[in-house]
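A closer look at the structure
Spelled out from the first residue to the last, the chains are:
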Amino acid sequence: MSQPYDRVFNFSAGPSTLPVEVLEQAQKDFLNYQGAGMSVMEMSHRGGAYDKIAAKTEADLRALMGIPENYHVMFLQGGASLQFSMLPMSFLPEGRTADYVITGAWGKKALEGAQLVGKTHVPFDGKAGHYSDVPDLEGLTYTPDAAYLHFTSNETIQGVQFQSDPTLGAPTVCDMSSDILCRPVDVSKYAMIYAGAQKNMGPSGATLLILSDAFLQNAPESTHPMLDYRLQVANEARYNTPPTWCIYICGLVYAHLLERGGLEGVQKRNEEKAQLLYQAIDGSEGFYKGHAEKACRSTMNVTFTLPSEELTELFLKEAKGARLDGLKGHRSVGGCRASIYNAFPKEGCEVLAEFMVRFAQNHRLAGV
Ligand code: PMP
């Protein structure tokens, strides 16, 4: 089953598959963007052509996610990882506590950033269960008057995902790096959402921030310029040169999702895709073991192990031979991980599911 341009099925956790139509559009625009006489890569971030790209990108994202007007939308640099420091540096003042719910490796890193800045509290840490589960966020005990509550909607490495937006008492900050745009979200439940671009949106190089104006008012009047949310907002995230190419590709992805009918449809397709793989795991009579508890299985990162290291190596080798690329699990969890973000084709999940069934049959029969 050959793919356009002889592409492989790319299960990489990020940077990851982008829609072929978006890549084709970028290719068409590459040397001369809509008559501008230059590539988007070559144009000034303060010129008219780029102004239009930036404005449309933001408008399309607002339409796609239903972002209320009292929220700022910005693309910053430094990856989602910079937000692990920047967030507490601005929003965790002395004498206050920030609460961090830890459901995997990224939440832990976010916590470590905050611990360098101020006082933190951890209402839930899934470490004892190897981060295979997520709690009921609304049932946890938080610090009264917490500066903010932080959680990670989808843990990319462990493959556990919260299934809905929580309603919490304090300003809620969410790292949505690996599942933003995978389903509709009620933005008004959050004080701040942030997400690296390189999974569901575009190439690496930009971090999307959706920041409520009310929350912004808690930031200090001034701080180091590149770490200053207020300054970035005041300069429409163009205090310095933004990652223009990355933002342009994100814009193409947003337009593409809008053309396909928006996020409800995206969610349905994602659930169908993930289901194919979880069925292969559940139907394997224990040959494959899913890492995540069923109730919090991710539709973005499907994590599973095989009976032995040797079989895992063989599985990965044979999968690669079948043009199923990037299935090796993160070193901290082991086994395999199939990252099947929005742009990953359903056909690729069908091919992998069939491959998994066949592999299990062959190796169970061989008595390994
Ligand atoms: N949070 C999550 C949930 C992630 O998956 C990642 C990257 N895989 C990060 C944060 C860090 O992102 P970046 O590499 O853009 O700093």
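Coordinates for the structure precede this section.
Residues numbered from 1 in each chain as written. Predicted model: local features only at pLDDT ≥ 70, side-chain atom pairs only at ≥ 80, totals over all residues. Heavy atoms only, no water.

Some words on the sheet that holds strand β2 (residues 71-76)
The strand order β2-β10-β9-β8-β5-β3-β4 describes an open sheet built from seven strands, whose pairing is mixed. One side of each edge strand has no neighbouring strand; the edge strands of this open sheet are β2 and β4 (119-125). Mean inter-strand twist for the sheet, computed between neighbouring axes without regard to direction, equals 15°. Note: strand β9 (residues 192-196) against strand β10 (residues 207-212), five bridges, orientation antiparallel. The residue of β10 that forms the bridge with A195 is L208. Each of β2, β3 (97-102), β5 (148-152), β8 (172-175), β9 and β10 touches helix α3 (residues 79-91); the most contacted strand, β9, lies at about 155° to it. (Pairing = 2+ DSSP bridges. Helix = DSSP H or I, 4+ residues; strand = E, 2+ residues; numbered from the N terminus. Axes fitted to C-alpha atoms, helices over the stretch in contact; angles between N-to-C directions. Contact = heavy atoms within 4.5 Å.)

Considering the site of the ligand
Around the ligand, the surrounding shell holds 13 residues, and the nearest of these are S81, T156, D175, Q198 and K199. The separation between an oxygen atom of the ligand and a polar side-chain atom of S81 is 2.6 Å. A distance of 3.4 Å is found between an oxygen atom of the ligand and a side-chain nitrogen or oxygen belonging to W106. Its free accessible area being 400 Å², the ligand has 85% of it covered by the protein chains. (Near = heavy atom within 4 Å. Polar contact = N/O pair within 3.5 Å; in protein donor to acceptor, adjacent residues only side chain to side chain. Areas by Shrake-Rupley, 256 points an atom, 1.4 Å probe, with all protein chains shown as cover.)

Some words on the pairing of strand β12 (residues 301-305)
Most of β12 is tucked away, with four of its five residues classed as buried. By the bridge criterion, two bridges tie strand β11 (residues 289-290) to β12 in an arrangement that is antiparallel. Across the sheet, G290 pairs through a bridge with F304, a residue of β12. In this structure, β12 lies alongside strand β14 (residues 336-339), joined through four bridges in antiparallel fashion. Across the sheet, T303 pairs through a bridge with R337, a residue of β14. (Buried < 20%, exposed > 50% of the residue type's maximum accessible area, 1.4 Å probe, protein only.)

Focus: the nonpolar core
Membership of the largest hydrophobic core comes to 55 residues, with the highest contact counts inside it found for M65, I180, L181, M201, L208 and Y254. Put simply, the parts of the chain that give this core at least two residues each are α1 (20-29), α2 (48-65), β2, β5, β9, β10, α7 (244-259) and α8 (263-282). For this core, the element with the highest residue contribution is α7, accounting for nine residues. In contact with L208, not counting residues within four places along its chain, are L61, V73, M74, F75, I180, I193, Y194, A195, M201 and Y254. (Core = buried A, V, L, I, M, F, W, Y, C linked by side-chain atoms within 4.5 Å.)

Some remarks on α2
In this model, α2 (18 residues) spans 26 Å end to end at C-alpha, consistent with the 26 Å of a helix rising 1.5 Å per residue. For α2, the complete set of buried residues consists of Y50, I53, A54, T57, D60, L61, R62, L64 and M65. Two residues or fewer past α2, G66 is found with a positive phi of approximately 60°. (Expected span 1.5 Å × (residues − 1).)

With respect to the packing of aromatic side chains
Taken as a whole, this structure holds 20 aromatic pairs when the rule is applied. A ring pair is formed by F30 and W245, whose centres lie 5.9 Å apart and whose planes are at 90°; its orientation type is edge-to-face. Of this pair, F30 sits in the loop between α1 and α2 while W245 is found in helix α7, placing the two residues 215 residues apart along the sequence. Classification of W245 as partly exposed rests on a relative accessible area of 22%. (Phe/Tyr/Trp six-rings, centres within 6.5 Å; stacked < 30°, edge-to-face > 60°.)

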